[in-house]
Amino acid sequence: MCRCLKVSPSGYYAWESRSPSLREAENARLLERIRDIHDDSGGIIGAPRMHEDLQSEGASISLNRVARLMAAHGIQGWPRKKGRGRKRQTVRPVGIKNHLERDFTALEPDTKWVTDITEIATQEGKLYLCVVLDLYSKLVIGWSMHHRQGAACVILHSDRGCQFTSGDYQKLLKQHGLVSSMSAVGHCGDNAACEGFFWHAKA
């Protein structure tokens, strides 16, 4: 092959063993996140919505780059009316709304929390990680319920995963005086603060 292409064997093996460039590594990381967002949307969002959601998570990326990555790997959106790739949507409990509306700023601690669950592949199989983040300090509150300072109302925002729409979860929040807030259907950017944390944690 090297003789046919007029390439030296040493040059070929140097190319083969070369580490991916920073651009290639970043594209691979972006592609993984694009696939996750596309799956979460039920396979319906295209490049413009994908670009919006990635920017909401803090990614510095152009629309053209998003479109190129999606096209190169056969990822495309479908109009919702066609019903292609749609997954079952959970119903937001009565009385629960989106209190944050993508406003992920907090002026004091223990006023706005966000939560989500992500899948992590390990040698022992798939594990599921759920975190709660304080938007003021960006610290991981974790799974424990600890005493909160002051009497401020705490909003705990999530997507519409079945774990968060369940009666047990809603009952737990009420027991601890937390106000439930949930994303709109198919809008990953509504919980970009937590999605972005997972994205950087997996990098």
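What you see is a predicted model; the values in this text were computed from it and never measured. (Residues numbered from 1 in each chain as written. Predicted model: local features only at pLDDT ≥ 70, side-chain atom pairs only at ≥ 80, totals over all residues. Heavy atoms only, no water.)

I keep staring at helix α3 (residues 22–40) and nothing clicks. Help me out?
Two residues of an α-helix separated by three or four positions point the same way, owing to the 3.6 residues in each turn. In this model α3 runs 27 Å from its N-terminal to its C-terminal C-alpha over 19 residues, within 8% of the 27 Å that 1.5 Å per residue would give. If you check which residues of α3 are buried, you get Asn27, Leu30, Leu31, Arg33, Ile34, Ile37 and His38. (Helix = DSSP H or I, 4+ residues; strand = E, 2+ residues; numbered from the N terminus. Expected span 1.5 Å × (residues − 1). Buried < 20%, exposed > 50% of the residue type's maximum accessible area, 1.4 Å probe, protein only.)

What is the right way to read a nonpolar patch on the surface from this model?
Together, Met1, Leu5 and Val7 line one region of the surface with nonpolar side chains, adding up to about 330 Å² of accessible area. In this fold, Leu5 is placed in helix α1 (residues 2–5). Among the residues examined, Leu5 registers a relative accessible area of 59% and is labelled exposed. (Patch = residues over 30% accessible without salt bridge, like charges linked within 9 Å, V, L, I, M, F, W, Y side chains within 5 Å. Areas by Shrake-Rupley, 256 points an atom, 1.4 Å probe, with all protein chains shown as cover. Salt bridge = Lys/Arg side-chain N within 4 Å of Asp/Glu carboxyl O.)

What exactly am I supposed to notice about the sheet that holds strand β1 (residues 112–122) here?
Across a sheet, strands are paired by hydrogen bonds formed along the backbone, either parallel or antiparallel in direction. Taken together, the 4 strands give an open sheet; going across it, the order is β2-β1-β3-β4, and neighbouring strands pair in mixed fashion. Because the sheet does not close on itself, it has two edges, and the strands there are β2 (125–134) and β4 (178–182). Within the sheet, the average angular offset between the axes of one strand and its neighbour, ignoring direction, is 25°. Pairing of β1 with strand β3 (residues 154–158) involves 3 bridges; the strand directions are parallel. Directly across from Trp113, in β3, lies its bridge partner Leu156. Together, β1, β3 and β4 form the strand contacts of helix α7 (residues 167–175), whose direction differs from that of β4 by roughly 140°. Strands in contact with helix α8 (residues 192–202) are β1 and β2; relative to β1, the strand with the most contacts, it is inclined by about 35°. (Pairing = 2+ DSSP bridges. Axes fitted to C-alpha atoms, helices over the stretch in contact; angles between N-to-C directions. Contact = heavy atoms within 4.5 Å.)

I tried to follow the pairing of β1 on my own but got confused; where do I start?
Looking along a regular strand, one sees the side chains alternate between the two faces of the sheet. For β1 and β2, the ladder comprises 10 bridges, and the chain directions are antiparallel. Pairing of Glu119 across the sheet is with Tyr128, part of β2.

How should the nonpolar core be read in this particular structure?
Across soluble globular proteins, nonpolar side chains show a tendency to be buried alongside one another. In terms of nonpolar packing, the biggest core is built from 16 residues, with Ile34, Met50, Leu54, Ile61, Val66 and Met70 touching the most fellow members. Elements represented by at least two residues in this core include exactly α3, α4 (47–56) and α5 (63–72). The element contributing the most residues to this core is α3, with 4 residues. If we skip the residues at most four places from it in the chain, Ile61 touches Leu30, His51, Leu54, Gln55 and Val66. (Core = buried A, V, L, I, M, F, W, Y, C linked by side-chain atoms within 4.5 Å.)

What's the story with the pattern of salt bridges in this structure? I'm lost.
It is possible for side chains of opposite charge to pair when their charged atoms get near one another. As enumerated under the stated definition, the model contains 6 salt bridges in all. For Arg33, the salt bridge is made with Glu57, and the minimal N-O distance between the two is 2.8 Å. Residue Arg33 is located in helix α3, and its partner Glu57 is located in the loop between α4 and α5; the two are separated by 24 residues in the primary sequence. On the basis of relative accessible area, Arg33 is assigned to the buried category, the value being 5%. Ionic pairing is found between Asp103 and Lys112, a salt bridge with its closest N-O pair at 3.4 Å. A relative accessible area of 35% places Asp103 in the partly exposed class.

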